[in-house]
Amino acid sequence: MATLPEIPKEKMPRHIACIMDGNGRWAKKRLLPRKAGHRAGADTVERCVDYCMTHEIPWLTLYAFSSENWSRPKAEVEALMILLHDFLKKHSQKMKEKGIRLHAIGDLRRLPEKTRHLLEESIQETSSNTQLNLVLALSYGSRAEIVSAAQKIATRVATGELKAEEITEQTLSEHLYTANMPDPDLLIRTSGEMRISNFLLWQISYAEIYVTDVLWPDFSTENLHEAVSNYASRNRRFGGV
């Protein structure tokens, strides 16, 4: 691999979020079943994790399975759940040894019981790690997340614990799945689709968005570095001048 151009540390994002799109198209181009594309995409996850650790980027969030994905054909959903289970079995010990702390956001109750328990074990076993926070968005939908947060806040108001006029943006943030996590600085979407797909709608309010035509299984370390370089070249004004 060629030496990557250096990016000043102060220009690096603190939190990268990825919409991992294009697994199915990658497989179709090769006359392979869709599950082959998903398995190839798992290798890209490893590349992104290694890149973030090498460049000391402390947060990486991956949109692994959306709430809408449950409507896909049963065989594909089952294949994705098996892939998740295999990923956790293969990498849990590695994450523990490398200092990676695993998190998961979404309606995790919908995951198969065996997979959910393995996920919970991996989260617990890596809870003291500090090198990289790896967040998997699983059975995740941002609108449902915001509705859930609103319901929790409404309950607090109804019981008198909180006054309506005391509700702030911070109040809502504290009731989201991502409470205590920094908002993403850079949102990457592969495969060229120009949409957010119900992902972190509240949290990406001021994220820089980078879209590439590269399909997720083909998304290389060089592609990721190009996205980060593009981010580093932008002037983030956060609504100012």
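Overview of the structure. (Residues numbered from 1 in each chain as written. Predicted model: local features only at pLDDT ≥ 70, side-chain atom pairs only at ≥ 80, totals over all residues. Heavy atoms only, no water.)

Topic: the overall build of the protein chain
Link 1 in the chain: A count of helices and strands for the protein chain gives seven helices and six strands.
Link 2 in the chain: Counting from the amino terminus, the protein chain carries its helices and strands in the arrangement β-α-α-β-α-β-α-β-α-α-β-β-α.
Link 3 in the chain: Rg of the C-alpha trace for the protein chain: 18 Å, near the compact-globule value of 18 Å for 241 residues, within the 12% margin.
Link 4 in the chain: Counting only C-alpha atoms and orienting by the principal axes, one finds that the protein chain spans roughly 60 × 50 × 35 Å.
Link 5 in the chain: When each of the 241 residues of the protein chain is scored for burial, the buried share is 48%.
Link 6 in the chain: Restricting the contact set of the protein chain to residue pairs at least 6 apart, pairs at least 24 apart contribute 77%.
Link 7 in the chain: Accessible area of the protein chain: about 13000 Å², with a carbon and sulfur share of 50%. (Helix = DSSP H or I, 4+ residues; strand = E, 2+ residues; numbered from the N terminus. Rg over C-alpha atoms; globule rule 2.2 N^0.38 Å. Buried < 20%, exposed > 50% of the residue type's maximum accessible area, 1.4 Å probe, protein only. Contact = heavy atoms within 4.5 Å. Areas by Shrake-Rupley, 256 points an atom, 1.4 Å probe, with all protein chains shown as cover.)

Quick notes on the packing of aromatic side chains
Link 1 in the chain: Summed over the entire model, instances satisfying the criterion amount to six aromatic pairs.
Link 2 in the chain: Aromatic pair Phe65 and Trp70: ring centres 4.8 Å apart, planes at 75°, arrangement edge-to-face.
Link 3 in the chain: Residue classification places Phe65 among the buried residues on the basis of a relative accessible area of 2%.
Link 4 in the chain: What links up through ring pairs into an aromatic cluster is the set Tyr63, Tyr140, Tyr177 and Phe199. (Phe/Tyr/Trp six-rings, centres within 6.5 Å; stacked < 30°, edge-to-face > 60°.)

Focus on helix α3 (residues 74–98)
Link 1 in the chain: Spanning 25 residues, α3 covers 35 Å between terminal C-alpha atoms, matching the ideal 36 Å at 1.5 Å per step.
Link 2 in the chain: By the largest-angle criterion, His91 marks the main kink of α3, which is about 45°.
Link 3 in the chain: Phi turns positive one or two residues past the end of α3, at Gly99, with a value near 85°. (Expected span 1.5 Å × (residues − 1). Bend = angle between axes of the 7 residues up to and from the residue.)

Topic: the pattern of salt bridges
Link 1 in the chain: Scanning all chains against the criterion turns up 15 salt bridges.
Link 2 in the chain: Residues Arg109 and Asp107 are paired through a salt bridge, measuring 2.8 Å at the closest nitrogen-oxygen approach.
Link 3 in the chain: Three or more residues are tied together by salt bridges with common partners; here these are Asp21, Arg25, Arg189, Glu193 and Arg195. (Salt bridge = Lys/Arg side-chain N within 4 Å of Asp/Glu carboxyl O.)

Observations concerning the environment of Met12
Link 1 in the chain: With respect to the helices and strands, the residue Met12 is situated in the segment before β1 (15–19).
Link 2 in the chain: Those residues in contact with Met12 that sit more than four places away from it in its chain are Ile7, Tyr51, His55, Ile57, Val228 and Tyr231.

Section: the side chain of Ser122
Link 1 in the chain: Tracing the backbone through its elements, the reader meets Ser122 in helix α4 (residues 113–125).
Link 2 in the chain: Take Ser122: its relative accessible area is 1%, and that puts it in the buried class.
Link 3 in the chain: Not counting residues up to four positions away in its chain, the partners in contact with Ser122 are Leu88, Ser92 and Leu102.

Description of the nonpolar core
Link 1 in the chain: Within the largest apolar cluster, 42 residues are counted, with the highest numbers of intra-cluster contacts made by Ile16, Leu60, Leu62, Leu134 and Ile188.
Link 2 in the chain: For this core, the leading source of residues is α3, giving seven residues.
Link 3 in the chain: Core analysis: the next-biggest nonpolar cluster, separate from the first, contains 14 residues, Ile19, Trp59, Phe199 and Ala207 among them. (Core = buried A, V, L, I, M, F, W, Y, C linked by side-chain atoms within 4.5 Å.)

Brief notes about the packing of helix α2 (residues 34–54) against helix α7 (residues 221–233)
How two helices sit against one another is set out by the angle between their axes and by the gap between those axes.
Link 1 in the chain: For the pair α2 and α7, the least separation of the axes is 9 Å and the interaxial angle reads 50°. Classified by the interaxial angle, the pair formed by α2 and α7 is oblique. Two packed elements cross with a definite hand, and for α2 against α7 that hand is right-handed. The segment α2 lies against α7, with Arg47, Cys48 and Tyr51 engaging Thr221, Leu224, His225 and Val228.
Link 2 in the chain: Of the residues contributing to the contact of α2 with α7, the split by class is four nonpolar, two polar and one charged. (Axes fitted to C-alpha atoms, helices over the stretch in contact; angles between N-to-C directions. Parallel < 35°, antiparallel > 145°, perpendicular 65-115°, else oblique. Left-handed = near helix turned anticlockwise from the far one by under 90°. Nonpolar A, V, L, I, M, F, W, Y, C, P; charged D, E, K, R; others polar.)

Quick look at the pairing of strand β2 (residues 59–66)
Link 1 in the chain: Across the eight residues of β2, seven count as buried, placing the element largely inside the fold.
Link 2 in the chain: Strand direction decides the pairing type here: β2 and strand β4 (residues 132–140), joined by seven bridges, are parallel. Within the sheet, the bridge partner assigned to Leu60 lies in β4 and is Leu134. (Pairing = 2+ DSSP bridges.)

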